[in-house]
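# Chain and residue survey
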Amino acid sequence: MSVDVHQHLWTPSLVDALRRRTRPPFLDGWTLVLDGEPPYEADPADHDVEIRRKRNAHLDLALVSLSSPLGIEHLPPEEAWPLIDAYHADACALPAPFGAWAAAPVTDPDPVRLSRTLGRALDQGLAGLQLPATALGDARGLALAAPLLDVLEDRGLPLFVHPGPAAAAGPAWWAAVVPYVQQMHAAWYAFEAFGRPRHPRLKVCFALLAGLAPLHRERQLSRGAAGRGLVDPDLFLETSSYGPRAADAVIRELGIDVLVAGSDQPYAESAWPDPGDPAQRAIDHAVRVANPGRLLSRKESHQ
């Protein structure tokens, strides 16, 4: 089963909910208004379900998620939940090959409500929960999110860590290349230091190769970290916006079994090459089929 674990799709209910808002984040027609950023003109075709379905005809599963850089998860709960509920309503009803990551506010974590939402995971295509890296980059953030992560761990469902809000401070590519990468780097090491001891069985997938954080392992070890030569089999990295050179470096550090394919549509296309020689076909099968299968398989807690 060929899988893309990282796409975004603004469904009609979410678009309507964003248009009803009068302060950021909100939509004015198809113009997205965020705090600290110039207005962004979205292309309606990018969020047309039928057009996207045709683009994904080669996939068996494409997982969509809330666009965390909009900052919805960081809104006060009374503002966040109407948007998240609107997203869930449509995301759970998307046609094949779509599935979805659930969402939740990080301002007032509600494990009971999340548990009810994830109760629909098997029959309505929810794969697990996405949270913004901006909420998981230190011990405090992980402690606040711990009740949500406990729910995932108990249900055997994975966490997807995605970049959160980032103010535009330069050219159009700046947010994706500088703050997004920094956020993911911090979330990777924060989870290793503070999250894994609390959540020993939780599967976690980090977007954009975790900002290439694993490539700093040598420096981490040289400064006194333990665990030389150990690889956490329940930590995964998806490949969006990176190609063979970056992926090869991560494979050399962690092995092939932790990589999963993600495209970040409609904001990017998959940079993963089409398989050529037999060795590349084996890697492609691991990244698109075998590894996503392990990430998304349910692994019930036995606590």
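Details of the structure are given in the entry above.
The structure displayed is predicted, hence computed values, not measured ones.

The rules behind these values
- Residues numbered from 1 in each chain as written.
- Predicted model: local features only at pLDDT ≥ 70, side-chain atom pairs only at ≥ 80, totals over all residues.
- Heavy atoms only, no water.
- Helix = DSSP H or I, 4+ residues; strand = E, 2+ residues; numbered from the N terminus.
- Rg over C-alpha atoms; globule rule 2.2 N^0.38 Å.
- Buried < 20%, exposed > 50% of the residue type's maximum accessible area, 1.4 Å probe, protein only.
- Contact = heavy atoms within 4.5 Å.
- Areas by Shrake-Rupley, 256 points an atom, 1.4 Å probe, with all protein chains shown as cover.
- Lys, Arg positive; Asp, Glu negative; His and termini not counted.
- Charge placed at Lys NZ, Arg CZ, Asp CG, Glu CD.
- 1 Å grid on protein atoms, 1.4 Å probe; cavity = no way out; pocket = protein on both sides within 12 Å on 5 of 7 lines; lining within 4 Å.
- Points joined across faces, edges and corners; volume = space filled by probe spheres on them.
- Nonpolar A, V, L, I, M, F, W, Y, C, P; charged D, E, K, R; others polar.
- Axes fitted to C-alpha atoms, helices over the stretch in contact; angles between N-to-C directions.
- Left-handed = near helix turned anticlockwise from the far one by under 90°.
- Pairing = 2+ DSSP bridges.

## Let's talk about the overall build of the protein
Looking only at helices and strands, the protein has 11 helices and 11 strands in total. Taken against the 2.2 N^0.38 rule, which gives 19 Å for 303 residues, the C-alpha radius of gyration of the protein at 18 Å falls within 12% of a compact globule. Overall, the protein is about 50 × 45 × 45 Å in size when its C-alpha atoms are taken along their principal axes. For the protein, the proportion of its 303 residues judged to be buried stands at 52%. Residue pairs in contact within the protein that sit at least 24 positions apart in sequence constitute 76% of those at least 6 positions apart. Total accessible area computed for the protein in this model is approximately 13300 Å², and 55% of it derives from carbon and sulfur atoms. Separation of charge centres in the protein, based on 28 positive and 37 negative side chains, amounts to 4 Å.

## Quick look at the side chain of Gln 220
Topologically, Gln 220 is positioned in helix H9 (residues 217-222). Here Gln 220 falls in the buried class, since its relative accessible area comes to 18%. When near neighbours in sequence (up to four residues on either side) are disregarded, Gln 220 contacts Tyr 189, Glu 192 and Ala 225.

## Focus: empty space enclosed by the protein
One simple way to see leftover space: roll a probe sized like a water molecule over the atoms. Counted under the stated rule, the structure contains 1 cavity of 30 Å³ or more. Around the largest cavity, the lining residues are Leu 136, Leu 142, Leu 159, Val 161, Ala 187, Phe 191 and Phe 206. Only strand E8 (159-162) and helix H8 (179-198) provide two or more residues apiece to the lining of the largest cavity. Across the lining of the largest cavity, the residue classes tally to 7 nonpolar, no polar and no charged.

## A look at unusual backbone geometry
The omega torsion across Ala 96 and Pro 97 is 10 degrees, close enough to zero to call that bond cis. Cis rather than trans, the peptide bond between Gln 265 and Pro 266 has omega equal to 5 degrees. Tracing the backbone shows Pro 266 in the loop between strand E11 (259-260) and helix H11 (278-296). Here the phi dihedral of Leu 212 falls at roughly 60 degrees; this positive angle occurs in a residue that is not glycine. Turning to its location among the elements, Leu 212 is positioned in the loop between strand E9 (204-206) and H9.

## Section: the packing of helix H4 (residues 111-118) against helix H6 (residues 139-155)
Axis separation between H4 and H6 bottoms out at 9 Å; the angle between their running directions is 35 degrees. Seen along the crossing, H4 lies across H6 with a hand that is right-handed. Here H4 contributes Pro 111, Leu 114, Ser 115 and Leu 118 to the contact with H6, which in turn contributes Pro 147, Leu 148, Val 151, Leu 152 and Arg 155. The class makeup of the residues in the contact of H4 with H6 is 7 nonpolar, 1 polar and 1 charged.

## Looking at the pairing of strand E7 (residues 126-132)
In terms of residue burial, E7 counts as a mostly covered element, since 7 of its 7 residues are buried. Note that strand E6 (residues 98-102) and E7 share 3 bridges and pair parallel. From the neighbouring strand, Trp 101 faces E7, where its bridge partner is Gly 128. Where E7 and E8 come together, 4 bridges link them in parallel fashion. If you follow Leu 129 over to E8, its bridge partner there is Leu 159.

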